[in-house]
Structures are given as C-alpha cells and as structure tokens.
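# Fold and geometry: a report
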Amino acid sequence: MAEAAPPCRLYLTLPATPSPAIERSLAEIIEAADVACVLLCQDAAEADPALDLRLRELTLAHDVALLVENDAARAKRIGADGVHLPADAALYGQTREHLGQRAIIGVGCKESRHGAMLLAELGADYVAFGPTAAASNREIEERAGLIAWWSEIFVVPCVAWNVETPEEAANLARLGADFVAPALSIWQPEDAAARIAKIGTCLREARSAP
C-alpha cells in the first residue's frame, strides 16, 4: 500500500501593520486550520513592540512558527523562530551566523532554480517559488513548473508563494508543494478567515485524494 502524502500546510504572510480586524482573522484561522507558519512582512513603518508580543504569544500558544521578513535583529529580539530572506548567499550566511543553527531561515527564490539550489546547499530550511506581486498567467505556470521540478528532486521543503485562489492551491499541493502562502491581498476582504479556511480545506483534499 502506498504511503499517504504528507500534508501541505498553510504559510500565512501578514502585513507589517495589520489592522485589528486582520489580527482577529489571524487568531480565528490559526484556531480552525492547519497553519504551519506566520510571516510578519516588513515595510517602512517602525516596528510595533506590542504587535510583536501579541503575535509571539498567539503563535506560541498554537505551536505555529513565527518568522520575520528580512530582519534578523527583530526576530531575535522578539524570540521569533526565524526569518524569511531573499535568495542572497552572503546575506544567508550572515543571518545564519547571527541567529544560529536552530533558527528557521527560508529564502524567496521567485523563479530562480540556481538560487534555490545554491541556498538549499548552504542549509536554507525552505525555498519559496512565486512572484511577490500579482501573478501573470506566465508566472502562475512558471511557479507550478518549479514546484513540480523541486518536489521530484530535492528534500528541502518548498513553499508556493503568493497564491490567489483555492484552485491554484490545490493544484500546487498535488504537484508537491509542502506549504502554500496565500497572497497578502487575501486579508483585505472582511471574509479573510473564511477564504483562507477554504484554501486550507482544498490543500487537505488535494493531498488525500487517490
């Protein structure tokens, strides 16, 4: 009998300055769905220590990894589990030295096969494929091809980045994605929690289907 495929889990990217409504939706979805990770994205706004504390408490309470985008100092200060970086070998090395071997350090490789292979060899804990903004049809197809290629050859987990719809999520799970990161825009409507839950359901069904 063939072994069941491991689950494809949710990787949630969170705006740098989430509204109270987004924070409530995040807490709701962490309670209801299989969330592996929350990434606190960065922008020009100054870090909010109160937000950092609330996110750390929420994720710890539910055994969800908390990562910070491209800010090792902030991650260390708040006791986050690690960081998400661009695919830069020198930056990865500096960050690994700063945070240590136990930290989770993932890299966003967009469409770069070479960058993904290089960072995986250096020890990255995951690689992420996909655009950082709204995806064109070509980028959607490219992301699917990269996920399928990576999952066939490599053991380092891969994240399907910036996924817009449940249908895309299910397809990427079937192709071998270990995690799916819905687009940041998913938080804008009032029904964000329900929309993310739908993606989570599609991931589970895609992996459990014969």
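Description of the structure in this document. (Residues numbered from 1 in each chain as written. Predicted model: local features only at pLDDT ≥ 70, side-chain atom pairs only at ≥ 80, totals over all residues. Heavy atoms only, no water.)

Tallying secondary structure elements over the chain gives eight helices and eight strands in all. Computed over C-alpha atoms, the radius of gyration of the chain comes to 16 Å, within 12% of the 17 Å expected from 2.2 N^0.38 for 210 residues, which places it in the range of a compact globule. Reported as C-alpha extents along the three principal axes, the dimensions of the chain are approximately 45 × 40 × 35 Å. Evaluated residue by residue, the chain yields a buried proportion of 48% over its 210 residues. For the chain, long-range pairs separated by at least 24 residues make up 58% of all intrachain contacts whose partners lie at least 6 apart in sequence. In the form shown here, the chain has an accessible surface area of approximately 10,500 Å², with 53% of it arising from carbon and sulfur atoms. Looking at charge distribution, the chain has the averaged site of its 18 positive side-chain charges lying 2 Å from that of its 30 negative ones. (Helix = DSSP H or I, 4+ residues; strand = E, 2+ residues; numbered from the N terminus. Rg over C-alpha atoms; globule rule 2.2 N^0.38 Å. Buried < 20%, exposed > 50% of the residue type's maximum accessible area, 1.4 Å probe, protein only. Contact = heavy atoms within 4.5 Å. Areas by Shrake-Rupley, 256 points an atom, 1.4 Å probe, with all protein chains shown as cover. Lys, Arg positive; Asp, Glu negative; His and termini not counted. Charge placed at Lys NZ, Arg CZ, Asp CG, Glu CD.)

A complete count under the given rule lists six aromatic pairs for this structure. Between Y11 and Y126 the ring centres are 5.6 Å apart and the planes differ by 80 degrees, which places this aromatic pair in the edge-to-face class. With Y11 in strand β1 (residues 9-14) and Y126 in strand β6 (residues 126-129), this residue pair connects regions lying 115 residues apart in the sequence. Classification of Y126 by relative accessible area gives buried; the value is 6%. For the ring pair W150 and F154, a centre distance of 4.0 Å and an interplane angle of 25 degrees mean the geometry is stacked. (Phe/Tyr/Trp six-rings, centres within 6.5 Å; stacked < 30°, edge-to-face > 60°.)

Attention shifts here to the environment of H114. Among the structural elements, H114 can be located in helix α5 (residues 113-122). Classification of H114 by relative accessible area gives exposed; the value is 59%. With 27 residues separating them along the chain, H114 and A87 place their C-alpha atoms 9.7 Å apart.

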